Amino acid sequence: MEPIRILKIFLYVLLDLTPCLILALSPFQRHFRFSCLKTYLTIPLLFLTVFICRLFAVQGLPAAKVLTILWIGVYLVLYAACLKLPVPILLFVLLTILNYGSFKAIVVNGLSYLLPFSSIERYSFLSSILLLVVYLFTFPFMYQMMIKKISPLTDEADNNRYWRFLWLVPATFCLSYYYNLYANGGTMAFSSKGSNVFFAFLYNLGALFVTFLILQLLKECNDKLLLEKENHHLALQSIRYENLNCRIEEARIARHDLRQHLSVMQSFLQSRDYQKLSDYIHEYSSTLPSDSPIVYCDDYALNALIVYYENMAKDHHIRFAADIDYPPENGILSSDAVILFGNLLENALESCIRAAVTDPFISLHIKPIHRMIIVALDNTCTLCPVPCKDGFTSAKESRMGIGTVSICKIAEKYRGSAQFELKDNVFYSSVMLNP
């Protein structure tokens, strides 16, 4: 092969590959497994693989198709080795870039056929110039999508369950691209027809629109989850504030009552009836609450939540029992635990307050079994909620309660389940978490 021909291929591959590598790496530098220098040293290996593949393809060697699959495999392996990101996210990014690469190759070759003074040659200086023109109009949009849409979503751990399926969207478009290209004799033959180029343009536009829409919906989902967590943190702070106010009010009442007790004890002293004084002090001491803090678990937020609802239950003369074995490092976020147990206890408290019985109760049990967390909460319930598709309707509204929906979502997030049952004026709530 002539040196000038090799130079044309080298220049085209260089211009073709460099922007795609920028799209693949630059938005995710904070996720590099190695230093920037070591990561970017893998680029020459990938470039060499692609360059050899193009040389074989130009010469019409049978190994060209095998090498094409090889360089895509090398691309995936190097990307997974260099970035600390879940594999589904890597697949989504790489397949999106591969689709973009197929599109620009079709457009460049289509423009080459349209120009009357150009030769029908894929690797030429004119092709390199046309490639730069296509990049000039399309690359800024792709780069902005990587920076503003995909990169922020990679920091959210809650998205992993979505990425497990989202990568199939660009994979479907990628398979369709390669099938149409190879079924029509390759990129050059496919691009020789203006209708094919127009179809590829519309197809890529639709693929980008679907990708953009998915990323936008995922971002809105993240924003909603973040807002929900912030609201529950604010609710927890409100609980602490109400608890503090209750303690202040109890201290004020205790100071008032203490003056009355001191008056009684003073009268016993004046009459020198020390036995009655001793009996009265003993009786008064037995009515004082314990000064030791109540600790159900090591999770401070969750413990404060349970103590708050225990105090609320006692204020409404509701029996409260809790058997808590909640491991400190169990893989469940504290904010999610507050959402889950807050909704369970709030629903149970409201149910007991509305119950027309003399001895309502709340019984909470949390136990670890193997790697799972099992939660069982039983409470008095005399108002029969209406069963619906996913549980029971709210007693306040004719639809499924928001608290019940939140409980089910948390259970689903941790690969578990939530079940609710009403039997003999007792409402049974069971939640299994598998973090």
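Q: Explain the overall build of the protein to me, please; I cannot follow it from the model alone.
A: Along the protein, the regular secondary structure elements total 14 helices and seven strands. By the burial criterion, 43% of the 435 residues in the protein qualify as buried. Roughly 24200 Å² of accessible area belongs to the protein as shown, and the carbon and sulfur atoms make up 64% of that amount.

Q: Which parts of the structure should I look at to understand helix 13 (residues 334-354)?
A: Residue pairs spaced three or four apart in an α-helix point in one direction, given the helix's 3.6 residues per turn. Taking 1.5 Å of rise per residue, 21 residues should cover 30 Å, and helix 13 covers 30 Å from first to last C-alpha, within 8% of that figure. When you tally the buried positions in helix 13, you get 15 out of 21 residues, the bulk of the element.

Q: Just checking my understanding: could you explain the confidence of the model for the protein for this structure?
A: It should be kept in mind that the predicted coordinates are not to be read in detail where pLDDT is low. Residues of the protein with pLDDT of at least 70 account for 80%, and the chain-wide mean is 78. The low-confidence segment residues 396-401, where pLDDT is below 50, has 15 contacts with residues more than four positions distant or belonging to other chains.

Q: Please explain the pattern of salt bridges as it appears in this structure.
A: Any two side chains of opposite charge can pair if their charged atoms end up close together. In total, this model carries six salt bridges according to the counting rule given. Taking the shortest distance from any N to any O, the salt bridge between K314 and E310 comes out at 3.6 Å. Taken together, the positions of K314 and E310, both in helix 12 (residues 300-315) and four residues apart, correspond to about one turn of that helix. When the shortest N-O distance is used, the salt bridge between R354 and E350 registers 4.0 Å.

Q: Explain the pairing of strand 6 (residues 417-423) to me, please; I cannot follow it from the model alone.
A: Put simply, side chains in a regular strand alternate between the two faces of the sheet. Note: strand 6 against strand 7 (residues 426-433), seven bridges, orientation antiparallel. Within strand 7, the residue paired with E421 across the bridge is Y428. The hairpin formed by strand 6 and strand 7 contains two residues between the paired strands, and D424 there has a positive phi angle of roughly 55 degrees.

Q: What am I meant to see in the nonpolar core here?
A: Burial of nonpolar side chains together is a common tendency in soluble globular proteins. One finds L46, W71, Y75, Y79, V93, I97 and W163 to be the most contacted residues of the largest nonpolar core, which totals 64 residues. With residues near it in sequence (within four places) discarded, L46 still touches L17, L21, W71, V74, Y75 and L78. If you look at the next biggest cluster of nonpolar residues, it comprises 38 residues, including F320, L345, I362 and L364.

Q: What is the right way to read the packing of aromatic side chains from this model?
A: Given two aromatic rings, one states the distance between the centres and the angle between the planes to describe the pair. Inspection of the entire model under this criterion finds ten aromatic pairs. Seen in terms of ring centroids, Y100 and Y135 are 6.1 Å apart; in terms of plane orientation they differ by 55 degrees. Their pairing is tilted. Highlighted residues: Y100 in helix 5 (residues 87-114) and Y135 in helix 6 (residues 125-153), separated in sequence by 35 residues. We note that Y100, like Y135, is buried.

Q: Would you take a moment to explain helix 6 for this structure?
A: Helix length check: helix 6 (29 residues) gives 39 Å between terminal C-alpha atoms against 42 Å at 1.5 Å per residue, within 8%. Within helix 6, the axis deviates most sharply at T138, by approximately 45 degrees, and proline P140 lies no more than four positions further along.

Q: Help me out: how do you make sense of the packing of helix 12 against helix 13 in this one?
A: When two helices pack together, their arrangement is captured by the angle between the axes and the distance separating the axes. Where helix 12 meets helix 13, the axes come as close as 9 Å, and the angle between the chain directions of the two elements is 10 degrees. Compared by their axis directions, helix 12 and helix 13 come out roughly parallel. Here A301, L302, L305, I306, Y309, M312 and A313 of helix 12 lie close against helix 13, whose contacting residues are S334, A337, V338, F341, G342, L345, E346 and L349. Looking at the contact of helix 12 with helix 13 residue by residue, the classes come out as twelve nonpolar, two polar and one charged.

Q: In this structure, what is going on with the sheet that holds strand 7? I would like to understand it.
A: Within a sheet, neighbouring strands are paired by backbone hydrogen bonds and run either parallel or antiparallel to one another. Strand order in the open sheet formed by five strands is 1-2-3-7-6, and the pairing between neighbours is mixed. On the outer flanks of this sheet lie strand 1 (319-324) and strand 6, each paired with one strand and no other. With strand direction ignored, the average angle separating the axes of adjacent strands in the sheet is 10 degrees. Bridge count between strand 1 and strand 2 (residues 361-369): six bridges; the pairing is parallel. The residue bridging A321 from the neighbouring strand is S363, located in strand 2. Relative to strand 1, helix 12 is tilted by about 160 degrees, and along the sheet it contacts strand 1 and strand 2. The sheet strands contacting helix 13 are strand 1, strand 2, strand 3 (372-380) and strand 7, and the helix crosses strand 3 at an angle near 15 degrees.

The rules behind each value
Residues numbered from 1 in each chain as written. Predicted model: local features only at pLDDT ≥ 70, side-chain atom pairs only at ≥ 80, totals over all residues. Heavy atoms only, no water. Helix = DSSP H or I, 4+ residues; strand = E, 2+ residues; numbered from the N terminus. Buried < 20%, exposed > 50% of the residue type's maximum accessible area, 1.4 Å probe, protein only. Areas by Shrake-Rupley, 256 points an atom, 1.4 Å probe, with all protein chains shown as cover. Expected span 1.5 Å × (residues − 1). pLDDT = per-residue confidence, 0-100. Contact = heavy atoms within 4.5 Å. Salt bridge = Lys/Arg side-chain N within 4 Å of Asp/Glu carboxyl O. Pairing = 2+ DSSP bridges. Core = buried A, V, L, I, M, F, W, Y, C linked by side-chain atoms within 4.5 Å. Phe/Tyr/Trp six-rings, centres within 6.5 Å; stacked < 30°, edge-to-face > 60°. Bend = angle between axes of the 7 residues up to and from the residue. Axes fitted to C-alpha atoms, helices over the stretch in contact; angles between N-to-C directions. Parallel < 35°, antiparallel > 145°, perpendicular 65-115°, else oblique. Nonpolar A, V, L, I, M, F, W, Y, C, P; charged D, E, K, R; others polar.

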